[in-house]
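Observations on chain architecture
Each chain, written out:
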Amino acid sequence: MGPQISPQIIGSTFAAMTTAGKVIRCKAAVAWGLSQPLVMEEIEVAPPKEREVRIKIVATAVCHTDLYFLREKSSSEGFPAVLGHEGAGIVESVGPGVSRLKAGDRVIPLFVSQCGECRFCLHPETNHCNMNWSSQRPGKRYDVGSDTTSRMKCKGQTLLQFMGTSTFSEYTVVNETAVAKIPDSAPLDKMCLLGCGVSTGYGAAINTAKVKPGSSCAVFGLGAVGLAAVMGCKAAGATRIIAVDINEVKFEKAKLFGATEFINPRDHSKPIQQVLAGMTDGGVDFSLECTGNVDVMRSALESCVKGWGVSVVVGYTDTHDVCTRPLQLLSGRTWKGSLFGGYKSVESVPKLADDYMANKLKLDEFVSHTLPLDSINEAFDLLVQGKSIRTVLKLSTGH
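Residues numbered from 1 in each chain as written. Predicted model: local features only at pLDDT ≥ 70, side-chain atom pairs only at ≥ 80, totals over all residues. Heavy atoms only, no water.

1. Let's talk about the sheet that holds strand β8 (residues 157-161)
Backbone hydrogen bonds hold the strands of a sheet together, and the pairing may be parallel or antiparallel. Strands sit in the order β1-β2-β7-β8-β4 around a closed barrel of five strands; the barrel is mixed. Inspection of the sheet shows strand β4 (residues 81-82) paired to β8 by two bridges, in the parallel sense. Bridge pairing links Ala-81 to Leu-160 in β8. (Pairing = 2+ DSSP bridges. Helix = DSSP H or I, 4+ residues; strand = E, 2+ residues; numbered from the N terminus.)

Here it is, written out as structure tokens:
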């Protein structure tokens, strides 16, 4: 008797045979305009072109960056669009020139690409890439989806593919340089978290800050990214991990990930950087800002000890400038930024998936809610109200 082939692989291969090369009609949550509720629509997803991959999205999570572009950014440019950039799924078909991936592979689409050939990919100190979707659109704002490579349409209009991924859809098309292959046994409703939040916070502590054993750390903001930063500080061997947030409900969760102390800035009359300096004999060794608030970015920097303190900006915003007094830097502090945790995406995400499968990395603990895709506006409301860490939206069952 020959080797057994799983029904799942057979099903995936059969689906690819019946849909490959054809336009797929499927459901997606469409953002028609700034600050408008998402609308469930039937959209058309074209076949992948050269070096592209069409993916059946099985699960996707709601990140604050999606909320920012939908409700908080200053420009109304970039609509209609399909948001979502924290997903996982199964390859449905591949375009010409794709050799690394095939139909049936489990994958995570990525908002940071890794072509492996450009100046940035070849440099060991960065995870930027010239093939990244934002680099391919000269003269366009970073906060607009990909209009030059979109494979999505609805009611005759092109839908911009947010960050080159658009995971709030049953199917999406992504360049192969922005797709990570993961183990066939990996649960996709957990793997999706590696597409942004967990990788971003965890890597910011380990790769960007380079937290050292025995050090003291402060993490500002306890959303999924901040909690992942706490987890990264613990994994790196920090002995004091101070969690800072105005929502004390999140303190217990932060403790689970390794936080040792907790501060609500509203409980103090002094600026939070002065409070931290008093607690740590002049400031922490490392601080990580995970809120996207420029005032918090300054507080995080100034909470570091002079001489060797390192502060990492992890949260995103493009609506305000960030500033500090030059003396804060002249005295020896280092101010750094981190994109996707410093991970070279295509090669690093599979390793993080392996760590999860080996019980070396927490993912389940980030999931606070699970909902179907058509409840996506509820998921956004939970995020705004501070009631969720990560809401996972399931688009398909059995995977």
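2. A look at the side chain of Thr-60
Mapped onto the elements, Thr-60 comes out in strand β3 (residues 52-61). Take Thr-60: its relative accessible area is 0%, and that puts it in the buried class. Here the side chain of Thr-60 touches Glu-86 through a polar contact of 3.2 Å, landing on its backbone oxygen. Here the side chain of Thr-60 touches Thr-167 through a polar contact of 2.8 Å, side chain to side chain. Each residue touching Thr-60, except ones within four places of it in the same chain, is listed here: Glu-86, Gly-87, Thr-167, Phe-168, Cys-192, Thr-391, Val-392, Leu-393 and Leu-395. (Buried < 20%, exposed > 50% of the residue type's maximum accessible area, 1.4 Å probe, protein only. Polar contact = N/O pair within 3.5 Å; in protein donor to acceptor, adjacent residues only side chain to side chain. Contact = heavy atoms within 4.5 Å.)

3. Here's the deal with the pattern of salt bridges
Where charged atoms of side chains with opposite charge meet at close range, the side chains can pair. Taken as a whole, this structure holds 13 salt bridges when the rule is applied. Where Asp-105 meets Lys-102, a salt bridge forms, and the shortest distance between an N and an O atom there is 2.9 Å. According to the relative accessible area criterion, Asp-105 is buried, its value standing at 3%. Its salt-bridge partner being Glu-302, residue Arg-298 comes within 2.7 Å of it at the nearest N-O pair. With Arg-298 and Glu-302 both in helix α8 (residues 294-302), this residue pair falls four residues apart, about one helical turn. (Salt bridge = Lys/Arg side-chain N within 4 Å of Asp/Glu carboxyl O.)

4. Thoughts on the nonpolar core
Formed by 107 residues in total, the largest nonpolar core has its most connected members in Phe-168, Met-191, Leu-194 and Phe-366. For this core, the element with the most residues is helix α5 (residues 224-235), which contributes eight residues. Here Leu-194 is in contact with Ile-108, Ser-199, Phe-340, Val-349, Leu-352, Ala-353, Leu-361 and Leu-363, once residues within four sequence places are set aside. Of all hydrophobic cores here, the second largest spans eleven residues; its members include Ala-218, Phe-220, Val-284 and Ala-300. (Core = buried A, V, L, I, M, F, W, Y, C linked by side-chain atoms within 4.5 Å.)

5. What about the packing of helix α4 (residues 197-209) against α5?
Contact pair α4 / α5: the axes reach a minimum separation of 7 Å and the direction vectors enclose 40°. Judged on the interaxial angle alone, α5 and α4 are oblique. When you trace α4 past α5, the crossing you get is right-handed. Residue-level contacts link Gly-197, Val-198, Thr-200, Gly-201, Tyr-202, Ala-205 and Ile-206 of α4 to Val-225, Ala-228, Ala-229, Met-231, Gly-232, Cys-233 and Ala-235 of α5. Residue composition of the contact of α4 with α5, grouped by class: ten nonpolar, four polar and no charged. (Axes fitted to C-alpha atoms, helices over the stretch in contact; angles between N-to-C directions. Parallel < 35°, antiparallel > 145°, perpendicular 65-115°, else oblique. Left-handed = near helix turned anticlockwise from the far one by under 90°. Nonpolar A, V, L, I, M, F, W, Y, C, P; charged D, E, K, R; others polar.)

6. Here's the deal with the pairing of β8
Judged from the three bridges that link them, strand β7 (residues 152-154) and β8 form a sheet pairing that is antiparallel. Counterpart to Cys-154 in the pairing with β8 is Gln-157. What sits between the antiparallel neighbours β7 and β8 is a turn of two residues, in which Lys-155 has the positive phi angle 55°.

7. What to know about the packing of helix α2 (residues 64-72) against helix α11 (residues 376-384)
At a minimum axis separation of 11 Å, α2 and α11 run at an interaxial angle of 100°. Classified by the interaxial angle, the pair formed by α2 and α11 is roughly perpendicular. Taking contact as the criterion, the partners of His-64, Asp-66, Leu-67, Leu-70 and Arg-71 in α2 are, on α11, Asn-377, Phe-380, Asp-381, Leu-383 and Val-384.

8. Notes on the sheet that holds strand β11 (residues 216-220)
Read from one edge to the other, the open sheet built from six strands follows the order β13-β12-β11-β14-β15-β16, with strand pairing classed as parallel. The strands lining the two open edges of the sheet, one partner per strand, are β13 (261-263) and β16 (334-337). Neighbour to neighbour, the strand axes of the sheet diverge by 20° on average, direction disregarded. Lying over the sheet, helix α7 (residues 272-279) contacts β11, β12 (240-244) and β13, oriented at roughly 155° with respect to β13.

9. Overview of the confidence of the model for the protein
Per-residue confidence for the protein gives a mean pLDDT of 90, with 90% of residues at or over 70. Scored below 50 in pLDDT, residues 1-14 shows seven contacts in the model against residues more than four places distant or in partner chains. Predicted confidence for residues 138-145 stays below pLDDT 50, and this span has 24 contacts to residues more than four positions away or in other chains. (pLDDT = per-residue confidence, 0-100.)

10. A few points about α4
For α4, spanning 13 residues, the distance from its first C-alpha to its last is 17 Å, which sits close to the expected 18 Å at 1.5 Å a residue. The largest bend in α4 is about 45°, located at Gly-203. When you tally the buried positions in α4, you get eleven out of 13 residues, the bulk of the element. Where the residues of α4 are buried, they touch α5, β14 (286-289), β15 (310-313), β16, α10 (345-357) and β18 (390-394). Taken from the residues just after α4, Lys-210 is the one with a positive phi, measuring 55°. (Expected span 1.5 Å × (residues − 1). Bend = angle between axes of the 7 residues up to and from the residue.)

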